[in-house]
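Tertiary structure, described
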Protein chains: 2
Amino acid sequence: MGDLADNALIKKLNEFGLKHEVYSHAACMTADELVANVPLGSDKETHTKNLFFKDKKHGIFLVTHATATTFNTKQLGALLKLEGKVNMRLADGATLDKHLKAKPGHVGPLCIVNDESNEVKFILDKALMDYEVIHSHPAQNDASVKLAPSVLQEFMTKAGVEPIIVDFTAAPQVPAGGAPQQKGEKKQGGGGKQQSKQNKKSAKKGDTLLALQWKKEENFPMWYSDVIVLSEMISYYDISGCYILRPWSYKIWDLIQQWFNEQLLDLDVENCYFPLFVSQDRLEKEKDHVEGFAPEVAWVTKSGETELAQQIAIRPTSETIMYPAFSDWIKSHRDLPLKLNQWSNVVRWEFKDPTPFLRSREFLWQEGHTAHATYEDADKMVMQALDLYKQVYQDLLCVPVVPGYKTEKEKFAGGHMTTTVEAYIAGSGRAIQGATSHNLGQNFGKMFDIKFQDEKGETKIAWQTSWGLTTRTIGVMVMVHGDDKGLVMPPKVSPLQAVIVPIISKKLTGETADPYCKAILKDLRKLGIRAKYDDRAMYNPGWKYNHWEQKGVPIRIEVGPMDIEKKQTRIVIRHNGEKMDLPVEGLGSVIATKLEEIQKTMFEKALKARDEHIAKVTEWKDFVPNLELNNLVLTPWCGGEHQDWEEWVKKTSREESLKARGEEGEDERTATSVAAKTLCIPFDQPELPEGTKCIASGLPATCWCLWGRSY
Amino acid sequence: MGDLADNALIKKLNEFGLKHEVYSHAACMTADELVANVPLGSDKETHTKNLFFKDKKHGIFLVTHATATTFNTKQLGALLKLEGKVNMRLADGATLDKHLKAKPGHVGPLCIVNDESNEVKFILDKALMDYEVIHSHPAQNDASVKLAPSVLQEFMTKAGVEPIIVDFTAAPQVPAGGAPQQKGEKKQGGGGKQQSKQNKKSAKKGDTLLALQWKKEENFPMWYSDVIVLSEMISYYDISGCYILRPWSYKIWDLIQQWFNEQLLDLDVENCYFPLFVSQDRLEKEKDHVEGFAPEVAWVTKSGETELAQQIAIRPTSETIMYPAFSDWIKSHRDLPLKLNQWSNVVRWEFKDPTPFLRSREFLWQEGHTAHATYEDADKMVMQALDLYKQVYQDLLCVPVVPGYKTEKEKFAGGHMTTTVEAYIAGSGRAIQGATSHNLGQNFGKMFDIKFQDEKGETKIAWQTSWGLTTRTIGVMVMVHGDDKGLVMPPKVSPLQAVIVPIISKKLTGETADPYCKAILKDLRKLGIRAKYDDRAMYNPGWKYNHWEQKGVPIRIEVGPMDIEKKQTRIVIRHNGEKMDLPVEGLGSVIATKLEEIQKTMFEKALKARDEHIAKVTEWKDFVPNLELNNLVLTPWCGGEHQDWEEWVKKTSREESLKARGEEGEDERTATSVAAKTLCIPFDQPELPEGTKCIASGLPATCWCLWGRSY
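Residues numbered from 1 in each chain as written. Chains lettered and ligands numbered in written order. Predicted model: local features only at pLDDT ≥ 70, side-chain atom pairs only at ≥ 80, totals over all residues. Heavy atoms only, no water.

As recorded by an unreviewed UniProt entry, chain A carries the name proline--tRNA ligase and is attributed to Cylindrotheca closterium. According to UniProt, the comment filed for chain A under the heading Catalytic activity (unreviewed entry) is "tRNA(Pro) + L-proline + ATP = L-prolyl-tRNA(Pro) + AMP + diphosphate". (UniProt positions renumbered as here; feature names shortened; annotations may be inferred.)

Below is the structure:
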């Protein structure tokens, strides 16, 4: 964080004698975070969104617009009357630093004065001029400057910058089926209150339904944020790293829970609930374990106005909460195995960039904790749990995963051995840890005195496991399957599997459509299909198509006047856009079969995309070039026992990547590190010919290891 | 809390020149709390449990025993060879204060020196003499004195007290089916480590299964604590007010959830999840609301070693967390109604005595939050939610409730009107609030700017409701139905509905019993009955009978050699002990019918017990006498608008109760206040003849109001 007193832009404002106010706030990486975390005084004030584009043909652009303004690059091309193909891409950090002397996420309009090359075209949103106060970053994202629009313009004049002021409402919006305007309802426009609301984007009611502003290939992180908000999965919240799980995402978690609980029943694992809080003594009992979590622990120190005598931690995980009770309950081999699970919230106060679902400060999970009489029993449990995780990803979410062992360096703090399922996100070329299952050995048993008498009367220490699956699953699913229209949901976890939309017009009244559609609905529901008949008169069919596409519903069933005449319906498959006319007679069972097909095809598609991006590499020279192709890399590996070769790979891959890209450095704060790390040692090992050398150390290889850039 | 420097008993120890150490700790009301919260240095140390009894025939007794010692009064009678009927009851607070100058929960062995009357017989557990250090309260429950046993005895000698040292292991234990001792397994006895464990009581493995130490009629609170621990519902935890919900209680919550979620589906209420944390600004936005919760709010002020810039509250309830999002989502009448629910944990850091399920600092609940276009819609929702609560209590838990309105004084902080279902606990003669459903009016809508345009284009404020049901339900169910053998579970929420126990002996081998029992199990499960075949060879049938009785399983199915011969089984019904022989042919459907019958009968029994304890009273003079009969009191009521007549009733009923009992005061800290409060104005109103006067004010009555002592 910079010191405001030293801030060059603030100095410049003072130098010019311009009226302004500066204030500090929590660091915000995105405009969404800013809007959610930094409240404004009134509707007459706004934050800005600042985008820095590079277009091979048309040059470099800084766009500053009001957060309420809808913006996309095509529209900008049209407004500026740019000729030929417009292909604006967000510029990289190095270009940004070179021109604006700012890091990604720190940019504001004032930064334009740093452009000594005079190459950057500065586009200013006309709507900003209608506000009384504009808040923007002075090249640091933990502070904002308050300026009147006139002062902003004066600043530009004095600095010799000529902004291009553009009216974004003057260009055609991204097309979408428009809902008919309701009589007497005010049109939502201008800089008024309605527009300045953070979640305006998710408003399903205005006169237009907003389309995604970002393409998946164009800007993956922005696309992701767009998809989860527009589909009504997530709303942002005023505490950084905490998000609202709306019904459309929570229902997925609910369906995963239902499935998972059924499997636990078969494994004789019982659900229970342990406290949210843990005393400092207990938390710190297992030293390796606490070291892994201590920096991220949230501490309660007060109740009401009263200081607590001893501070109390909120669980980051529940080993230290549960195992003292295990010690009380377990006395004899007759008490084993003890197999418990709980569904709960945990808190890890991370300072890395938070991302909804993938990395949040509070998240939901299940945590299984078991104790066994032998190592073998524990090991079996670890593998059973991991297999459930594999099934959740592959069979429910259609996301292929690689199961394997974590290396010593990456295993669970305090455990003996960790297994993992690793997924691949094609959109970012990165791997992501899907879920882990740990063999804790006897380490916690020793620390927490979990002893039992075996059948011979000898005292033994119990063998333990713990394993967890989180709401991250939902984020991975979105990233893998979503497209430029929005979510694409695998049928098994989709809150709705089919939606029936009547094409109401002069030729078809609601009264005629109603019985026809309701009969279809009944047919579907009878077969256990999660279906809905969208009979809302206030929205037109086009709006509804877009709405349910954004939400990723696997099958749309359209009913038009001709369909009724022909006793048929038009089916549209979300994931591939396939359309077909099907007779209503027996429609339910056809749809049921289609849903199974979709589930299968979506997995195969993801599997193909993933497999195309796993490269088998035996020489170091091919390592980074493969990362640059967005590949995961499978290499021979020595096990890294003699030296920290994992660290070497991290460091070297980072350096070589940056060199290859011609960038001088990467932002420490971004999650998008270019270094590769070990993902796992896959269970499924290709043949390793005698004499194969480790890709890093050159020592004899002992196994194949999977590497990649990772979340 | 007393000041240790002024403590008379410590002064006496110093005066006598006896070696000791004193230390402070969190106040602990019970020995269980002490064991859970105040750790000992080693297995050679122990806390004490101190009981103060009065027996009309045999006088007054102080019993001090090691926490690991199993004790009951019958045994004491036998050991002391007391003649005639032994009827020891815990003495009341006044008697305790008179003789030992200590409050309930503050007693230790040293207190005996305060008995100037020399009436108290001091019974000291012989097992205490085997420890190296004894920890006990010096008449204050936030401190303990550490003494060697020899020093304790020297203290007594110097103070002129002669303790009666008793070996509690020398008397016959409470009978229970003994499990055969495993070869080579150490017998658990003496003062060793196994015995000193807190949860030893819940050990299902030692050589005996422990029976309840308390009878429901003898000491209701101790009975309750005994039942929930022995049945493996609850384990105590080292943070006061937090408890472990073991699978046997969590499963009940799970079954309630499943049922409730199905009903929500019918009401179009969707599940979601909002963050655990709330910023101070938001929490304090609605003044009345925050006043209701502020003293109990837990604050996070640190993450790792870092102080947070702004402290963050843990939700005590989620109105202030959800409603800013409601404001973002609701723009038009088309967005209404918005009906959300979440299942979550909440934290209220209360300083009243915590009681598992009934009052804990963290608890689980569902909270419904809805917004509507009209008052009428909101009101309908409030009543629908309350009706679900009534069904949970009556139809699932077999607990009759009185639905009604809360008075202005007792309504939800910040709301417009609160409805409630009130249950009755015969064991304590007290009412308990079962669940509440609030009509919030437009109050929160105004504070959180939840506005919408109606069909005419006019801006309106939304009408809201919130409603919650907690794990308290489980505690109420235990209190209403449990008996001296343990839990009694209503079939609909019992984790197991029937358990099959083979009577293995010389006449019946496991091999013979197995196929017979498994066929029964299959038959039951096919009909959806939650059944178990307890084929564990390590426990004998008597042990199993007791075990499943303690856990309250509605039906036990015994299979002996004669049963197999006759193709029958012996059925034992938990709640009334009824036994019958039934043919195995068609057993499943007979059991299914029996379960329905049990559900019905258990409700009727509880209803009768409740109805016998609702007294209709029209004159004040009958009010307190009815409370003393453990009754709830239904009276004419003026509404209390002109003056705080509710407060008057509280105060006057308390004074008159204490006078009637001849006690001089009651402990402020105990939950067992003798004052009566309003429970509700029942929906179901008896006729109110013209001219009826309010029982308190004498003003014209406007309704009937239900009063009672309450949790």
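1. Quick word on the overall build of chain A
In terms of helices and strands, chain A carries 20 helices and 31 strands. Taking 711 residues into account, the globule formula puts the C-alpha radius of gyration at 27 Å, and chain A, at 28 Å, falls close to it. Put simply, chain A has 711 residues, and 60% of those count as buried. If you average the places of the 90 positive and of the 97 negative side-chain charges in chain A, the two averages end up 5 Å apart. (Helix = DSSP H or I, 4+ residues; strand = E, 2+ residues; numbered from the N terminus. Rg over C-alpha atoms; globule rule 2.2 N^0.38 Å. Buried < 20%, exposed > 50% of the residue type's maximum accessible area, 1.4 Å probe, protein only. Lys, Arg positive; Asp, Glu negative; His and termini not counted. Charge placed at Lys NZ, Arg CZ, Asp CG, Glu CD.)

2. Section: the pattern of salt bridges
With the rule as written, the count across this model stands at 56 salt bridges over all chains. The partner of E604 of chain B in a salt bridge is K600 of chain B, with the nearest N and O atoms 3.6 Å apart. Taken together, the positions of E604 of chain B and K600 of chain B, both in helix α18 (residues 587-611) and four residues apart, correspond to about one turn of that helix. One salt bridge connects K608 of chain B with E612 of chain B, and the closest N-O pair in it is separated by 3.2 Å. What emerges from the salt-bridge pattern is a single network uniting K485, E549, R556 and E558 of chain A. (Salt bridge = Lys/Arg side-chain N within 4 Å of Asp/Glu carboxyl O.)

3. Structural notes on the sheet that holds strand β13 (residues 298-303) of chain B
Sheet architecture is open: six strands sit in the order β12(A)-β14(A)-β13(A)-β13(B)-β14(B)-β12(B), paired in antiparallel fashion. Every interior strand has two partners, whereas the edge strands, β12 (277-279) of chain A together with β12 (277-279) of chain B, have only one. Within the sheet, the average angular offset between the axes of one strand and its neighbour, ignoring direction, is 45°. Relative to strand β14 (residues 306-314) of chain A, strand β13 (residues 298-303) of chain A runs antiparallel, the two sharing four bridges. Looking at β14 of chain A, one finds that V300 of chain A is bridged to I312 of chain A. (Pairing = 2+ DSSP bridges. Axes fitted to C-alpha atoms, helices over the stretch in contact; angles between N-to-C directions.)

4. With respect to the nonpolar core
Among the nonpolar cores identified, the biggest contains 153 residues, and F277 of chain A together with M233 and F277 of chain B are the most heavily contacted of them. Other than its neighbours up to four places away in sequence, F277 of chain B contacts Y237, I239, C242, I314, V347 and W349 of chain A together with V300, I312, A313, I314 and I321 of chain B. M88, L358, M381 and M489 of chain A belong to the second-largest nonpolar core, a separate cluster that totals 75 residues. (Core = buried A, V, L, I, M, F, W, Y, C linked by side-chain atoms within 4.5 Å. Contact = heavy atoms within 4.5 Å.)

5. Observations concerning the environment of L508 of chain A
All names here are of chain A. Along the chain, the position of L508 falls in the loop between β23 (498-502) and α15 (510-526). It is 58 Å that separates the C-alpha atoms of L508 and P682, two residues lying 174 residues apart in sequence. If near-sequence neighbours (up to four positions away) are discounted, L508 is found in contact with I503, A513, V559, G560, P561 and I564.

6. Thoughts on the confidence of the model for chain A
Residues and elements named next belong to chain A. Averaged over every residue, the pLDDT of chain A is 89; the share at 70 or more is 93%. Residue range residues 172-207 is modelled with pLDDT below 50. Its contacts to residues more than four positions away, or to other chains, number 89 contacts. In the predicted assembly, ipTM is 0.78 and pTM is 0.78. (pLDDT = per-residue confidence, 0-100.)

7. So, the sheet that holds strand β15 (residues 338-347) of chain A
All names here are of chain A. The strand order across the open sheet formed by 11 strands is β11-β15-β16-β22-β19-β18-β17-β30-β31-β29-β28, and the pairing between neighbours is mixed. For this open sheet the edge positions go to β11 (270-271) and β28 (614-616), each flanked by a neighbour on one side alone. Two elements, strand β17 (residues 401-405) and strand β30 (residues 677-682), share two bridges in a ladder whose sense is antiparallel. Across the sheet, Y405 pairs through a bridge with I681, a residue of β30.

8. Things to note about the pairing of strand β3 (residues 59-66) of chain A
Residue and element names in this part refer to chain A. The buried count for β3 comes to seven of eight residues, which makes it a mostly enclosed element. Where strand β2 (residues 45-55) hands over to β3, the hairpin turn is made up of three residues, counted between the paired strands. Summarising the sheet, β3 and strand β5 (residues 120-125) pair through five bridges and their orientation is parallel. Paired with T64 across the bridge in β5 is L124.

9. A look at the pairing of strand β18 (residues 417-425) of chain B
Residues and elements named next belong to chain B. Taken across its nine residues, β18 has nine buried, putting it largely inside the fold. Side chains M417, T419, V421, A423 and I425 project from β18 onto one buried face, and the interleaved T418, T420, E422 and Y424 project onto a second face that is buried too. Where strand β17 (residues 401-405) lies against β18, five bridges are found, and the strand directions are antiparallel. If you follow V401 over to β18, its bridge partner there is A423.

10. A word on the packing of helix α7 (residues 220-230) of chain A against helix α14 (residues 472-481) of chain A
All names here are of chain A. Between α7 and α14, whose axes approach to 11 Å, the crossing angle comes to 115°. In terms of orientation, α7 lies roughly perpendicular with respect to α14. Both α7 and α14 take part in a crossing whose hand is right-handed. Listed contacts from α14 to F220, W223, Y224, V227 and I228 of α7 are G475, V478 and M479. (Parallel < 35°, antiparallel > 145°, perpendicular 65-115°, else oblique. Left-handed = near helix turned anticlockwise from the far one by under 90°.)

11. Topic: the side chain of K594 of chain A
Among the structural elements, K594 of chain A can be located in helix α18 (residues 587-611). Excluding residues within four positions of it along the chain, K594 of chain A makes contact with I555, I573 and M580 of chain A.

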